[in-house]
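The residues making up each chain are set out below.
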Amino acid sequence: MKDKQKEKRRASALPVLNEPCIELSGNREILIEGGRGVLEYTDEAVRVNTDSMILTVAGRGLNLKCISDSALIISGFITSLRFEA
Amino acid sequence: MLLKILRYCRGYVGFTVSGKYPERFLNITARKNIRLWDVQRKDDGFTACMYRSDYRRIRPYARGAGVRLRVGIKRGLPTVIGRYRGRVGLVIGACAFILAVFVMSLFIWSIDITGLDTVSRTRMLDDLRDHGLYIGAFKPAIDSGQVAREIMLEQKEIGWMAVNITGSYASVEIKEEAPAPEVEDISTPCNIKAKSDGQILRIEAMEGETKITEGSGVIKGQLIVSGVRTGEQGASRLVHAQARVYALTKREASFSVPAVSKSLVPNGETAVRKSLLLFGLRIPYRFGAVHSPYSVTSQVVRSPSPLGITLPVGVVNETVSALEYNECELDNNSAQELLTREAQLYEAFSLSDCTVEDREYTLDISDNVYTLHVTYTCVEDIAYQDPIGTDENTDLTPRIVPTEGDE
């Protein structure tokens, strides 16, 4: 009984662990963990590649506050987020 | 803030990336664990910052990404050190300055004393010096609490004292002891007697029986107001007599001065000595001396006092005036003038509690000494209290026990 519950839990957690983790601070800053690279970077939009989808952050005066292997922080006036499979 | 300090310590560069695919460059640097920050989009690329050490190894990656890099700014400690690497003197000077500031902060620079009323400032500074607190004293060796406690124990005039040392500035706060008010004895039985001969002008008796009438003469020690009161029924009791007795008195004083006197006077020769005052240390830099064996020295210390705080540096000017013995012979007029001045001083200080009605001066000379005899006619209070000699306010009335039939 317990083993079944553990399996269920593992099955539900695994897909989540593979997904990027996104954290928004209002509409001024966004932290994306698990990104695989920046595809496009302009003042109005930043497209970030994750394994499963492409995340587009649209807005005004967007800056890459910090970029490293594991995470990137985008600051500016964020107007929309779009997920493309 | 901490991040900024760390970045400054490691040193960083701000650079411009231009080329066809600047995003590629971003991805490569991220993959190689090179941290970028403050990335801002420009026309054909972007500007960003990275650590100085990382910038050295990104050139091949930039070439691979097909972008051009151009350094804009260089900031941080390594940059500053690199800039002044050739100037050893500057570095030594900076180190010496820091060291000097550190060393100087270990000493007392200024002492401020507040709350002094009757105790003189010079005496207090001397006391503080005796207990180790002075300009130029080594700060860690001073126990401010102990200094305050010891001075409070030694000086009875000081009721409370605190020594606060802030940086190199010592603030001494003092509250002087309030003297206990004199308690007037109004219970001990006493008489009022005359303390000198004189003629009574007026008697203001508050308590006791007056034995002398106004206008009569009294001799020293004579009873004026008695402390033994007799009631209407003949009963007597002892009281604390109180009275003011104003009388006309005569006082005599004489003042003398030798006709030929020898005194030390300045002969006009002066010399100036100067020294530099540096943290309690006096370094003389100008020497001067006079030929006479007798001299008098006046000293002026000039120290800068910005914001009311006297700094422990300054210049001490000493003026030495030579003195020599001068023999002068007095004539009648100058002797009279000199002795009259002395008599006036005597009158001002010794006869301050009486009104001088008249004074007579007589000058004579004998054995080369001028003597001025002065007779003062004064109006003064000649009353003094003389205790009767019992410890208690005894009722001297004989006790009469009422008997039956008495009305």
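On a predicted model such as this, the values are computed, not experimentally measured, just so you know. (Residues numbered from 1 in each chain as written. Chains lettered and ligands numbered in written order. Predicted model: local features only at pLDDT ≥ 70, side-chain atom pairs only at ≥ 80, totals over all residues.)

J.: How would you summarise the overall build of chain B if you had to cite specific residues and measurements?
T.: The helix and strand inventory of chain B stands at 9 helices and 22 strands. Counting only residues that meet the buried cut, chain B has 17% of its 407 residues in that class. Excluding contacts between residues fewer than 6 apart, the proportion of contacts in chain B whose partners are at least 24 apart in sequence is 68%. (Helix = DSSP H or I, 4+ residues; strand = E, 2+ residues; numbered from the N terminus. Buried ≥ 20, exposed ≤ 12 C-beta atoms within 10 Å, placed from the backbone. Contact = placed C-beta atoms within 7 Å.)

J.: An account of the overall build of chain A is needed here, citing residue identities and associated values.
T.: If you tally the helices and strands in chain A, you get 1 helix and 6 strands. Ordered by position in the sequence, the α and β elements of chain A form the string α-β-β-β-β-β-β. The buried share of chain A, reckoned over its 85 residues, is 21%. If you take every contact in chain A between residues at least 6 apart in sequence, the share linking residues at least 24 apart comes to 33%.

J.: How would you summarise the sheet that holds strand S7 (residues 169–176) of chain B if you had to cite specific residues and measurements?
T.: All names here are of chain B. One open sheet holds the 3 strands; their spatial order is S5-S7-S6, and the pairing between them is mixed. Each edge of the sheet is formed by a strand with only one pairing partner; in this case those strands are strand S5 (110–114) and strand S6 (158–166). With direction set aside, neighbouring strand axes in the sheet form an average angle of 15°. Two strands pair when backbone bridges link them, and S5 and S7 are joined in this way by 5 bridges, in the parallel orientation. Its bridge partner lying in S7, Thr114 is registered against Glu173. (Pairing = 2+ DSSP bridges. Axes fitted to C-alpha atoms, helices over the stretch in contact; angles between N-to-C directions.)

J.: I'd like to hear about the environment of B:Glu176, residue by residue, with values.
T.: Tracing the chain through its elements places B:Glu176 in strand S7. Once residues within four sequence positions are removed from consideration, B:Glu176 is found in contact with B:Asp117, B:Thr118, B:Val119, B:Glu157, B:Ile158 and B:Gly159.

J.: Tell me about the pairing of strand S1 (residues 21–25) of chain A, and please be specific about residues and values.
T.: Along any regular strand, the residues point their side chains to alternate faces of the sheet. All names here are of chain A. In terms of strand pairing, S1 meets strand S2 (residues 29–33) through 5 bridges, oriented antiparallel. For Ile22, the partnering residue across the bridge sits in S2 and is Ile32. The hairpin formed by S1 and S2 contains 3 residues between the paired strands, and Gly26 there has a positive phi angle of roughly 60°.

J.: Just give me the short version of the interface of chain A and chain B, but keep the residues and values in it.
T.: Between chain A and chain B, the contact holds 14 residues from the first and 13 residues from the second. Sorting the residues of the side of chain A that touches chain B by element identifies strand S3 (37–41) and strand S5 (54–67) of chain A as the ones contributing at least two each. Its residues assigned to classes, the side of chain A that touches chain B shows 6 nonpolar, 4 polar and 4 charged. Pairing of S5(A) with strand S2 (residues 36–41) of chain B involves 3 bridges; the strand directions are antiparallel. Bridging across to S2(B), A:Ile67 finds its partner in B:Leu36. (Nonpolar A, V, L, I, M, F, W, Y, C, P; charged D, E, K, R; others polar.)

J.: Describe in detail the nonpolar core, supporting the description with residues and values.
T.: Within the largest apolar cluster, 30 residues are counted, with the highest numbers of intra-cluster contacts made by A:Val46, A:Val57, A:Ile67, A:Ile74, B:Val17, B:Leu26 and B:Ala48. A total of 5 residues in this core trace back to one element, the largest contributor, which is S5(A). Those residues in contact with B:Ala48 that sit more than four places away from it in its chain are B:Phe15, B:Val17, B:Leu36, B:Trp37, B:Asp38 and B:Val39. Counting 17 residues, the second largest nonpolar core, distinct from the first, contains B:Met124, B:Leu133, B:Ala137 and B:Met161. (Core = buried A, V, L, I, M, F, W, Y, C linked by C-beta atoms within 7 Å.)

J.: Quick one: what's the story with unusual backbone geometry, residue by residue and with numbers?
T.: All names here are of chain B. Although it is not a glycine, Asn33 sits at a positive phi angle of roughly 60°. Relative to the assigned elements, Asn33 resides in the loop between helix H2 (22–31) and S2. Judged by local crowding, Asn33 falls into the exposed class, with 10 C-beta atoms found within 10 Å.

J.: Run through the sheet that holds strand S9 (residues 198–207) of chain B, naming residues and quoting values.
T.: All names here are of chain B. Strand order in the open sheet formed by 5 strands is S11-S9-S15-S21-S20, and the pairing between neighbours is antiparallel. Lying at the two open borders of the sheet, with one neighbouring strand each, are strand S11 (217–218) and strand S20 (355–366). Alignment of S9 against S11, held across 2 bridges, turns out to be antiparallel. Across the sheet, the residue bridging to Gly198 is Val218, located in S11.

J.: Could you give me a rundown of the pairing of strand S12 (residues 223–226) of chain B, with the residues and numbers involved?
T.: As paired strands, strand S8 (residues 190–194) of chain B and S12(B) are joined by 2 bridges and run antiparallel to one another. Across the sheet, B:Lys193 pairs through a bridge with B:Leu223, a residue of S12(B).

J.: Account for the confidence of the model for chain B, naming residues and giving values.
T.: Residue and element names in this part refer to chain B. When pLDDT is averaged along chain B, the result is 86, and 95% of the positions lie at 70 or above. By mean pLDDT, the top-scoring element of chain B is strand S21 (residues 369–381) (92), and the lowest-scoring one is strand S13 (residues 228–230) (84). The complex prediction reports pTM at 0.44, with the ipTM value standing at 0.75. (pLDDT = per-residue confidence, 0-100.)

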